[in-house]
Amino acid sequence: MAVSIPFLTEPAVDYGAVVEMAPGLRRVMANNPSKFTYRGTGTYIVGQGRVAIVDPGPDDADHVAAVLAAVDGEQVEALLITHTHRDHSPASQAVAEATGAPTYGFGPHPASDTDDGKSEERGDIDFAPDMAVVHGDVVEGPGWSFECLYTPGHISNHIAYRWREADGVFTGDHIMGWSTTIIPPPDGNMTDYLTSLRLLADCPYDRVYWPTHGPPVTEPHVLVEALYAHRLDRERQILECLATGPQTIPEMVRVMYADVATELHEPAARSVLAHLIAMVGDGRVGSDGEATAEAVYFRE
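I will try to describe carefully the structure that is included in this document.

### So, the packing of aromatic side chains
Part 1 of the reasoning: This model, assessed by the stated rule, comprises eight aromatic pairs.
Part 2 of the reasoning: Between the aromatic rings of Trp 163 and Phe 170, the centroid separation amounts to 6.2 Å while the plane-to-plane angle is 25°, which identifies the pairing as stacked. In this structure, Trp 163 and Phe 170 share a single accessibility class: buried.
Part 3 of the reasoning: Taken together through their ring pairs, the aromatic side chains of Tyr 44, Trp 144, Phe 146, Trp 163, Phe 170 and Trp 210 make up a single cluster.
Part 4 of the reasoning: The ring of Tyr 228 carries the charged tip of Arg 198 above its face, separated from the ring centre by 4.7 Å.
Part 5 of the reasoning: When the ring centre of Tyr 257 is taken as reference, the NZ or CZ atom of Arg 234 above it lies at 4.0 Å.

Below, the structure is given as structure tokens:
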């Protein structure tokens, strides 16, 4: 039986408006809705007077103007980047130039991440953080502080930021309440993703997640455990498919995602490939060569 995930919905948003999400937290939504971004990219502003901005968003003049208007009269102390997909980091350049704020992130876009030119997941190859951070680093400002959580899986340079004063985490694309996260090889890595899920699942005091796409997650541990169980269930489904004989990824996707819109089968295939790379690596599954999108897979 498939794992039930408590997905969340969000009503239509007012693009460019400044919305208070919690005490000391505002959000400005970019007008870039899609099957990958839900309502769009949510840029968060933390604090009052001297603030931090999380995920400035896409290279969109209207969105940049809205973010700058939201912090007019305030001092931006830090720009925190969860990762370098083009719906998250590109606006940091214009916002940094306008405010003088330094950027923080794990590093530049990984060379191993492919850009097929078709999705919101294209890479921001121009970004490099002013301040590179690693797991456990702390970024501090007046009245706020963030613990950096290295959470690879969706992409190898993904950082989530724990807002310590609020017992909450800005989860970027690592955990989203409205959808599962795509794990696109070769840079996306399912083993890393499962480890990163456990990193958050095993922290007992987080009360809320603020994903870059979608509404706040107010029962974070229920969601993260469901997402973890869902990934293990996908592995079970792969083994069930292969129990009837060798198969390709498209053959498995048609069975495993029979209840999902066909337009989502292509990104689903990338996550299935990520599972298979991990399962070939640990010996549970074999393939007729390298574990690729075109390979034929079988049970060992």
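Text resumes after the structure shown.
### A short note on the side chain of Thr 84
Part 1 of the reasoning: You can see Thr 84 is positioned in the loop between strand 5 (75–80) and helix 2 (92–99).
Part 2 of the reasoning: The exposure class assigned to Thr 84 is buried, which follows from its relative accessible area of 1%.
Part 3 of the reasoning: There is a polar contact of 2.9 Å between the side chain of Thr 84 and the side chain of Asn 157.
Part 4 of the reasoning: Those residues in contact with Thr 84, other than ones at most four positions away along the chain, are Ser 89, Gly 107, Pro 108, His 109, Pro 110, Arg 122, Gly 123, Asp 124, Phe 127, Ile 155 and Asn 157.

### Thoughts on the pattern of salt bridges
Part 1 of the reasoning: Applying the stated rule across the entire model yields 14 salt bridges.
Part 2 of the reasoning: A salt bridge links Glu 235 to Arg 284; the nearest nitrogen and oxygen atoms lie 2.9 Å apart. Placement of the pair is Glu 235 in helix 4 (residues 220–242) and Arg 284 in the loop between helix 6 (265–281) and strand 14 (285–287), with a sequence separation of 49 residues.
Part 3 of the reasoning: Three or more residues are tied together by salt bridges with common partners; here these are Glu 147, Arg 162 and Asp 206.

### Quick word on the sheet that holds strand 4 (residues 50–54)
Paired through backbone hydrogen bonds, the strands of a sheet run either parallel or antiparallel to each other.
Part 1 of the reasoning: With respect to topology, seven strands assemble into an open sheet ordered 1-2-3-4-5-6-7, the strand pairing being mixed. Since the sheet does not close on itself, it has two edges, and those belong to strand 1 (18–22) and strand 7 (131–132), each with one partner.
Part 2 of the reasoning: The pairing of strand 1 with strand 2 (residues 25–29) spans four bridges and is antiparallel. The residue bridging Val 19 from the neighbouring strand is Arg 27, located in strand 2.
Part 3 of the reasoning: Contacts from helix 1 (residues 61–70) reach strand 1, strand 2, strand 3 (42–46) and strand 4 within the one sheet, and its direction differs from that of strand 2 by about 160°.
Part 4 of the reasoning: Together, strand 4, strand 5 and strand 6 (103–105) form the strand contacts of helix 2, whose direction differs from that of strand 5 by roughly 155°.

### A short note on the nonpolar core
Part 1 of the reasoning: Ranked by internal contacts, the top residues of the largest apolar core, which has 21 residues, are Phe 146, Trp 163, Phe 170 and Trp 210.
Part 2 of the reasoning: Going through the elements one at a time, strand 3, strand 4, strand 5, strand 9 (144–150), strand 10 (159–163) and strand 12 (208–211) are the ones with two or more residues in this core.
Part 3 of the reasoning: Contact partners of Trp 163, with chain neighbours within four places excluded, come to Pro 23, Gly 24, Leu 25, Val 46, Trp 144, Ser 145, Phe 146, Gly 168, Phe 170 and Trp 210.

### Thoughts on the layout of surface pockets
Part 1 of the reasoning: Of the pockets and cavities examined, the largest pocket occupies roughly 700 Å³.
Part 2 of the reasoning: Taken together, 33 residues form the lining of the largest pocket, with Phe 7, Ser 179, Thr 180, Tyr 257 and Leu 264 sitting closest to its centre.
Part 3 of the reasoning: A per-element tally of the lining of the largest pocket places helix 4 first, with five residues.
Part 4 of the reasoning: Taken together, the residues of the lining of the largest pocket sort by class into 14 nonpolar, 10 polar and nine charged.

### A closer look at helix 3 (residues 190–201)
Part 1 of the reasoning: Taking 1.5 Å per residue, 12 residues should reach 16 Å; helix 3 reaches 16 Å between its end C-alpha atoms and fits that length.
Part 2 of the reasoning: Among the residues of helix 3, Met 190, Tyr 193, Leu 194, Ser 196, Leu 197, Leu 200 and Ala 201 are the ones counted as buried. Mapping the buried residues of helix 3 onto a view down its axis gives an arc of 160°, with all of them on the same face.
Part 3 of the reasoning: Of the surrounding elements, those touching the buried residues of helix 3 are strand 9, strand 10, strand 11 (168–172), strand 12, helix 4 and helix 6.
Part 4 of the reasoning: With a side-chain oxygen lying 3.0 Å from the backbone nitrogen of Thr 191, the N-terminal cap of helix 3 falls on Asn 189.

Basis of the calculations
- Residues numbered from 1 in each chain as written.
- Predicted model: local features only at pLDDT ≥ 70, side-chain atom pairs only at ≥ 80, totals over all residues.
- Heavy atoms only, no water.
- Phe/Tyr/Trp six-rings, centres within 6.5 Å; stacked < 30°, edge-to-face > 60°.
- Buried < 20%, exposed > 50% of the residue type's maximum accessible area, 1.4 Å probe, protein only.
- Lys NZ or Arg CZ within 6 Å of the ring centre and 35° of its normal.
- Helix = DSSP H or I, 4+ residues; strand = E, 2+ residues; numbered from the N terminus.
- Polar contact = N/O pair within 3.5 Å; in protein donor to acceptor, adjacent residues only side chain to side chain.
- Contact = heavy atoms within 4.5 Å.
- Salt bridge = Lys/Arg side-chain N within 4 Å of Asp/Glu carboxyl O.
- Pairing = 2+ DSSP bridges.
- Axes fitted to C-alpha atoms, helices over the stretch in contact; angles between N-to-C directions.
- Core = buried A, V, L, I, M, F, W, Y, C linked by side-chain atoms within 4.5 Å.
- 1 Å grid on protein atoms, 1.4 Å probe; cavity = no way out; pocket = protein on both sides within 12 Å on 5 of 7 lines; lining within 4 Å.
- Points joined across faces, edges and corners; volume = space filled by probe spheres on them.
- Nonpolar A, V, L, I, M, F, W, Y, C, P; charged D, E, K, R; others polar.
- Expected span 1.5 Å × (residues − 1).
- Arc of directions from axis to C-beta.

These figures come from the coordinates and say nothing about function on their own.
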